[in-house]
Amino acid sequence: MKRNNDFGGRIEVICGSMFSGKTEELIRRLKRAQIARLEVEIFKPQKDTRYNEYAVVSHDFNSIPSTPVEHSSAILLYGSNTQVVGIDEAQFFDDELPEVCNKLANKGIRVIVAGLDMDFTGKPFGPIPQLMAVAEEVTKVHAVCMQCGAPALNSYRKTDDLSTVLIGEKESYEPRCRACFHHL
Ligand SMILES: [Zn+2]
């Protein structure tokens, strides 16, 4: 029987609403990989320029240096020694991202992807649903509903701006549970 004990190739997805701690969990896993002296590379979509162009920054300002890329295929061009790839704000990437992640994982790379699983209307967001399907492991993290305190899975938009990408999210969104999101 063939045993793949040395084969670290896998896809992990960390998803949830805004303020659910996705990026914190991504950073926690990546830092542990760095402590284990693994070669780590981190990517994010070019358009996410909220705080710092070259760092993955979570809301509590815990950060690791990252490379902004315009198209997911560019992730395949980096670091031949890379053992772990982290991808943040993955919902803003193109539809090729699941295939890119599969290619990396098939080469033995551990791929950890964090992103919003639903947009502000409650619809599955960008390439995240496809990634969840092909991943070895999916972790859904929850925020706290700002209306009732229950675990929150939705990002409720408090403004009337209808573009899906909206900068300055802290003022524009609040996490809500199913009942409060749908006004049940
Ligand atoms: Zn609620």
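Residues numbered from 1 in each chain as written. Predicted model: local features only at pLDDT ≥ 70, side-chain atom pairs only at ≥ 80, totals over all residues. Heavy atoms only, no water.

The name an unreviewed UniProt entry assigns to the protein chain is Thymidine kinase, from the organism Pseudopedobacter beijingensis. According to the UniProt record, the Subunit (unreviewed entry) comment for the protein chain is "Homotetramer." (UniProt positions renumbered as here; feature names shortened; annotations may be inferred.)

A. Geometry of the overall build of the protein chain. A count of helical and extended segments in the protein chain gives five helices and 12 strands. Sorting the 184 residues of the protein chain into buried and exposed places 47% on the buried side. Taking the intrachain contacts of the protein chain between residues at least 6 apart in sequence as the baseline, contacts between residues at least 24 apart amount to 68%. Just so you have it, the protein chain exposes about 9700 Å², and 49% of that area is on carbon and sulfur atoms. (Helix = DSSP H or I, 4+ residues; strand = E, 2+ residues; numbered from the N terminus. Buried < 20%, exposed > 50% of the residue type's maximum accessible area, 1.4 Å probe, protein only. Contact = heavy atoms within 4.5 Å. Areas by Shrake-Rupley, 256 points an atom, 1.4 Å probe, with all protein chains shown as cover.)

B. Here's a closer look at unusual backbone geometry. With a phi close to 60 degrees, arginine 37 is a non-glycine residue in the positive phi region. Note on placement: arginine 37 falls in the loop between α1 (22-35) and β2 (40-45). Of note in this structure, histidine 183 is not a glycine but carries a positive phi near 55 degrees. Looking at the element boundaries, histidine 183 is found in the segment after α5 (178-181).

C. Quick peek at the UniProt feature "active site" (unreviewed entry) in the protein chain. Taking the UniProt record as the reference, the feature "active site" (unreviewed entry) is found at Glu89. Its location among the elements puts glutamate 89 in the loop between β6 (84-87) and α2 (97-106). Of the polar contacts made by the side chain of glutamate 89, one reaches the side chain of glutamine 91; its length is 2.7 Å. (Polar contact = N/O pair within 3.5 Å; in protein donor to acceptor, adjacent residues only side chain to side chain.)

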